[in-house]
Amino acid sequence: FDAARHRVPYAEMAEIDRFMLHRLQYLIARLRGAFARHEYHVFFHSFHNFCVVDLSSFYLDVLKDRLYTERADAAGRRAAQTVLHELLSAMVRLMAPILSFTAEEIWEHLPNKDEEAPSVHCALLPEVNEAWRDAELAASWEELLAVRSEVSKALENARRDKRIGGSLEAHVDLFVADGSVPILDRYAEDLWELFIVSSAHVHRDQAPSPAAYTSEAVAGLAVDILPATGEKCERCWTIASTIGSDARYPTVCARCAARLS
């Protein structure tokens, strides 16, 4: 990835990418303040939580499909790489005062690092980019993450009961009382990707099945997990009814076939 050539402008990024850049600014502000006050324990808790909660359990998990299945030059894939480069560049600088040797090893392999900083310890701490702070966007995604957490619980129950294996074997039905969780209607087409399942559908004012998981954390929400219908795409591993719809690619779904064309 060549950041100078392949960088995608902020305004052209997907919301999830811009949300992660927002979260990164929060981390930068918190850790710069902690360093100024010599509160080094704050680094450990904040940096660790960002790696585990924001990245591993959420962004990197959701991002895999885009990175693995989109064309190498696709704008969405380039946007993801741009955000990953920003994350790595900022995080290695933030960790340098504490994890000095690890940070230096990472810096040696960082693409497009500042040529004037042969060592991470010669580089400046990242500054907060106010243009990447978006409280309204963050509020929307916090709502979505609350729903995602409840869906994850329902998926775990389905796995425990052996109704599904992995999450990509699942179809998610969301039953939402009228007027509750309005954010779901706005993102209805993208929920399958956020939940890392093969398909998802939002139902309004329809009674869930007796087996559905009723959320206590999100009012008016029930989640039903069903086996996804169709065949497994050998490229993206989702279960779809469009396998072989393009005769040139008989073992992949229509989405992957379009990306291979």
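The text that follows walks through the structure, step by step, so that each part is easy to find. Predicted model only: the values in this text are computed from it and were never measured.

**Some words on the overall build of the protein chain**
Regarding its fold elements, the protein chain presents nine helices and six strands. Its C-alpha atoms put the protein chain at 60 × 45 × 35 Å along the principal axes. Burial statistics for the protein chain: of 261 residues in total, 46% are counted as buried. Surface exposure of the protein chain reaches about 13,800 Å², of which carbon and sulfur atoms provide 54%.

**Overview of the nonpolar core**
In terms of nonpolar packing, the biggest core is built from 64 residues, with Y59, V172, L174, L184, L191 and F195 touching the most fellow members. Residues in contact with V172, not counting those within four places in the same chain, are V151, L155, F195, V197, S199, A200, H201, V223, D224 and I225. By size, the runner-up hydrophobic cluster in this structure holds eight residues, among which are C236, A240, V252 and C253.

**Section: the sheet that holds strand β1 (residues 170-176)**
Working definition: the strands of a sheet are paired by backbone hydrogen bonds and lie parallel or antiparallel to each other. Read across the open sheet, the four strands follow the order β2-β1-β4-β3; overall the sheet is mixed. Two strands bound the open sheet, and with one partner strand each, they are β2 (199-204) and β3 (213-214). Here seven bridges tie β1 to strand β4 (residues 221-227), and the two strands are oriented antiparallel to one another. The residue of β4 that forms the bridge with D173 is D224. Docked against the sheet, helix α6 (residues 135-160) engages β1, β3 and β4, running at close to 40° with respect to β4.

**Comments concerning the pattern of salt bridges**
A complete count under the given rule lists 18 salt bridges for this structure. The salt bridge involving D61 is made with R148; its shortest N-O contact spans 3.8 Å. Placement of the pair is D61 in helix α3 (residues 40-69) and R148 in helix α6, with a sequence separation of 87 residues. Under the relative-accessibility criterion, D61 is labelled partly exposed at 26%. Under the relative-accessibility criterion, R148 is labelled buried at 11%.

**Let's talk about the packing of aromatic side chains**
As enumerated under the stated definition, the model contains eight aromatic pairs in all. When the ring of F19 is compared with that of F58, the centres are 6.1 Å apart and the planes differ by 65°; the resulting orientation is edge-to-face. In this pair, F19 sits in helix α2 (residues 15-36) while F58 sits in helix α3, placing the two residues 39 residues apart along the sequence. Since its relative accessible area comes to 4%, F58 is described here as buried. Seen in terms of ring centroids, F35 and Y40 are 6.4 Å apart; in terms of plane orientation they differ by 40°. Their pairing is tilted.

**Digging into the environment of V62**
Checked against the element boundaries, V62 lands in helix α3. For V62, a relative accessible area of 7% corresponds to the buried category. In this structure V62 touches I16, R148, E193, L194 and I196, once residues within four positions along its chain are discounted.

**Quick word on helix α5 (residues 100-109)**
Buried residues of α5: A103, E104 and W107, and no others. Burial along α5 is one-sided: seen end-on, the buried residues are contained in an arc of 100°. Away from its buried face, by an angle of more than 90 degrees, α5 presents the exposed residues F101, E105, E108 and H109.

**Topic: the packing of α3 against helix α4 (residues 75-95)**
What describes two packed helices is the angle between their axes and the distance between those same axes. Between α3 and α4, whose axes approach to 12 Å, the crossing angle comes to 165°. Taken together, the axes of α3 and α4 are roughly antiparallel relative to one another. Here α3 and α4 pass one another in a crossing that is left-handed. Here F43, F47, F50, C51, L55, Y59, L60, L63, R66 and L67 of α3 come into contact with α4, specifically with G76, R77, A79, A80, Q81, V83, L84, L87, M91, L94 and M95. Class assignment of the residues belonging to the contact of α3 with α4 gives a composition of 17 nonpolar, two polar and two charged.

How each quantity is defined
Residues numbered from 1 in each chain as written. Predicted model: local features only at pLDDT ≥ 70, side-chain atom pairs only at ≥ 80, totals over all residues. Heavy atoms only, no water. Helix = DSSP H or I, 4+ residues; strand = E, 2+ residues; numbered from the N terminus. Buried < 20%, exposed > 50% of the residue type's maximum accessible area, 1.4 Å probe, protein only. Areas by Shrake-Rupley, 256 points an atom, 1.4 Å probe, with all protein chains shown as cover. Core = buried A, V, L, I, M, F, W, Y, C linked by side-chain atoms within 4.5 Å. Contact = heavy atoms within 4.5 Å. Pairing = 2+ DSSP bridges. Axes fitted to C-alpha atoms, helices over the stretch in contact; angles between N-to-C directions. Salt bridge = Lys/Arg side-chain N within 4 Å of Asp/Glu carboxyl O. Phe/Tyr/Trp six-rings, centres within 6.5 Å; stacked < 30°, edge-to-face > 60°. Arc of directions from axis to C-beta. Parallel < 35°, antiparallel > 145°, perpendicular 65-115°, else oblique. Left-handed = near helix turned anticlockwise from the far one by under 90°. Nonpolar A, V, L, I, M, F, W, Y, C, P; charged D, E, K, R; others polar.

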